[in-house]
Amino acid sequence: MTHDLAIRGGTLATATETFRADIGIRDGRIVTIAEAITDAQDVIDATGKIVMPGGIEAHCHIAQESGMGVMTADDYESGSISAAFGGNSCIVPFAAQKKGQSLADTLATYDGRAAPKSVLDWSYHLILTDPTAAALAELPDVFARGVTSFKVFMTYATRVSDTQFLDILSVAGQHGALTMVHAENHDMLEWMASRMVAGGNIAPRYHAPSRPGLAEEEAINRAIALARLAQAPIFIVHVSTPGGAELVARARAAGGQVWAETCPQYLFLTRDDLDKPGMEGAKFICSPPLRDTATQAALWQHVQAGTLSLVSSDHAPYRYDDTGKFQAGRDVTFRQIANGMPGIEMRLPLMFSEGVMKGRISINQFVALSSTNAARIYGMLPRKGTLAIGADADIAIWDPTQTRIAGAMHDAMDYNPFAGMTVTGWPVTVLGRGQRIVDNGALCVKPGTGRFVKRAPIDLTGRAGQPVAELDRANNFGATLS
Ligand code: DUC
Ligand code: ZN
Ligand code: ZN
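Scope of this entry: the structure provided in the associated data block. (Residues numbered from 1 in each chain as written. Chains lettered and ligands numbered in written order. Predicted model: local features only at pLDDT ≥ 70, side-chain atom pairs only at ≥ 80, totals over all residues. Heavy atoms only, no water.)

1. As for the coordination of the zinc ion (ligand 3)
Cut-off, in case you're wondering: Note on donors: an N, O or S atom is included if it sits within 2.8 Å of the metal, or within 3.2 Å for Na, K and Ca, and water is never included, so sites can look incomplete. The way it works is that DSSP assigns letters per residue, a run of H or I at least four long becomes a helix, a run of E at least two long becomes a strand, and they are numbered from the N terminus. Working definition: with a 1.4 Å probe on protein chains only, accessible area under 20% of the residue-type maximum means buried, over 50% means exposed, and in between means partly exposed.
Protein-derived ligands of the zinc ion (ligand 3) are His59 (NE2), His61 (NE2) and Asp314 (OD), with the metal-ligand distances lying across 1.9 to 2.1 Å. Donor residues binding the zinc ion (ligand 3) come from one chain and are separated in sequence as H-x1-H-x252-D. A separation of 4.2 Å is found between the zinc ion (ligand 3) and the zinc ion (ligand 2). Taken together, the residues histidine 59 in strand S8 (residues 55–60) and aspartate 314 in the loop between strand S16 (310–311) and helix H11 (347–357) connect sequence positions 255 residues apart. Histidine 59 sits in the buried class, given a relative accessible area of 0%.

2. Considerations on the pattern of salt bridges
For the record, the criterion: Here, a salt bridge means any Lys or Arg side-chain nitrogen found within 4 Å of an Asp or Glu carboxyl oxygen.
Applying the stated criterion across every chain yields a total of 27 salt bridges. Note that arginine 8 and aspartate 22 form a salt bridge whose closest N and O atoms lie 3.9 Å from each other. Placement of the pair is arginine 8 in strand S1 (residues 5–8) and aspartate 22 in strand S4 (residues 22–26), with a sequence separation of 14 residues. Here aspartate 22 falls in the buried class, since its relative accessible area comes to 3%. Between arginine 436 and aspartate 42 there is a salt bridge, and its shortest N-O distance comes to 2.7 Å. With arginine 436 in strand S19 (residues 435–439) and aspartate 42 in the loop between strand S5 (29–34) and strand S6 (43–45), this pair connects stretches of sequence that are 394 residues apart. Look at arginine 436 and you get partly exposed, because its relative accessible area is 23%. Using a relative accessible area of 29% as the deciding quantity, one classes aspartate 42 as partly exposed.

3. Examining the packing of helix H4 (residues 162–174) against helix H7 (residues 213–230)
Put simply, the test is: Between the N-to-C directions of two axes lies an angle of 0 to 180 degrees, each axis being a line fitted to C-alpha atoms and, for a helix, fitted only over the stretch in contact. Throughout, the term roughly parallel applies to angles under 35 degrees, roughly antiparallel to angles over 145, roughly perpendicular to angles from 65 to 115, and oblique to all others. Crossing chirality is assigned from the near helix's rotation relative to the far helix, an anticlockwise turn below a right angle marking it left-handed and a clockwise turn marking it right-handed. Any pair of residues with heavy atoms lying within 4.5 Å of one another is described as a contacting pair. Residue classes follow a fixed rule: Ala, Val, Leu, Ile, Met, Phe, Trp, Tyr, Cys and Pro count as nonpolar, while Asp, Glu, Lys and Arg count as charged, and any other residue, Gly among them, counts as polar.
Taken N-terminus to C-terminus, the directions of H4 and H7 make an angle of 50°; their axes are 9 Å apart at the nearest point. By the criterion of interaxial angle, the relationship of H4 to H7 is oblique. In the packing of H4 onto H7, the handedness of the crossing is right-handed. On the side of H4, the interface is formed by Asp162, Phe165, Leu166, Leu169 and Ser170, while H7 contributes Arg222, Ala223, Leu226, Ala227, Leu229 and Ala230. Grouping the constituent residues of the contact of H4 with H7 by class yields eight nonpolar, one polar and two charged.

4. Points about the site of ligand 1
Where we set the bar: Whether a residue is near a molecule or strand depends on its heavy atoms: if one lies within 4 Å, it is near. Here a polar contact is recorded for every N or O atom pair within 3.5 Å, except that within protein the pair must consist of a potential hydrogen donor and a potential acceptor, and residues adjacent in sequence are included only if both atoms are side-chain atoms. We get accessible surface area from the Shrake-Rupley algorithm with a probe of 1.4 Å; when it comes to residues, only the shown protein chains can shield them.
Residues in contact with ligand 1, as listed here, are His59, His61, Lys151, Tyr156, His182, His238, Ser287, Asp314, Ala316 and Asn339. For ligand 1, an oxygen atom lies 2.8 Å from a polar atom in the side chain of lysine 151. In the environment of ligand 1, a nitrogen atom lies 3.3 Å from a nitrogen or oxygen atom belonging to the side chain of histidine 182. Across the complex, the protein chains shield 92% of the 240 Å² of accessible surface that ligand 1 would expose by itself. When the residues that make up the shell around ligand 1 are grouped by side-chain class, the tally is two nonpolar, six polar and two charged.

5. Some details on the environment of serine 312
Within the secondary structure, serine 312 is located in the loop between S16 and H11. Owing to a relative accessible area of 1%, serine 312 belongs among the buried residues under this scheme. Other than its neighbours up to four places away in sequence, serine 312 contacts Glu57, His59, Glu261, Thr262, Cys263, Pro264 and Arg347. Polar contacts involving the side chain of serine 312 include one to the side chain of glutamate 261, which spans 2.6 Å.

Here it is as structure tokens:
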């Protein structure tokens, strides 16, 4: 049996083991894992390198208009290329419904943006901003297409009411789909931001105190309660507070169908980064906002303990110019500045360097946080997210000795919020379905190489969920709930 490609001499790392083996690839899939593979047409020498499943970037905004109507700087070409240079072999950005838009039209719009351009395999999470009865009736078709996760907002003009949230959770839950949520209490944010601005506190740095951690904690608590009542799984995106993470930990310890992530910006940056001269702080405006070093330490503990299943970039690229951050002008309050920062290429090198190299997490935890858990939660295992016979040969080969100082990335951005940081360990080769996407600093494929990934429902095995007494006919006088 010959192989199209063999990766030889490397140390393999999965979410559970680290071992020495060669990998043999045929027709884009892993077909052999053996001590030595000698019959391959093409060979990559991975001696001294770590061979891992390619990263899955499951929270990124690409070719998407924000709630304020600002288009991201990255399209699927630059976004996927930047992701690949950062060690990823698959991306799951958002397809955002506009008010009045059908879900079929929403997905068709994003297919048109992704298919001709993505160098990586991709899927979408659907953002539901207009959950009308007609839109909810379309959800089964969306699941059938393999889009098995949805995002809703508890803040912004695109927020859903608690009733709408319950309806979405309920329909999603019936189909095994996962509802993702941006959890911040809208009214608390509005009240604080108006007081800030009324008091003349308009510089970018006031973005942070205008969005108190308490607003996140309140919303996470409510989101978990709503999901419990709807008996549906939920995923809390970009957790930025110790209190929020503790609520997730508590629900999970009780068997709740609750998952969550944090992002590098909450582990590596603080609100002091917002306090730069002039408007420089605008580069660090993201929501939830940057917090403090005590928060960083607490979030690391939750990463280590497994409360937080993923560390995702929340890549939301708006340039430091009038196409992005300053689309409403420069003479504005922090409230008019576009919300979000880039990070799709830095996520994994930062986590490797600060996590694995500094002994905060094992290499296997790194693989879980960067790839395997995303594949499990978003219905892509065992095809993606692991090194196993039959899996897509989506592989990242890392040089653990390479040290770089973070600078310009391959995205379409004009700044890198992590610029100047020293990172040790860098992905040198990334394969997508056995094909070299990036190799030693060079892009090896044309736009459009990626394929849409049809995803399965979330695997709820081992998470029984938390009961609600009033849903039990023994406790509700035998009521029938329709
Ligand atoms: N939420 C996100 O998930 N990304 C960018 C901005 C936001 O509020
Ligand atoms: Zn969000
Ligand atoms: Zn986001």
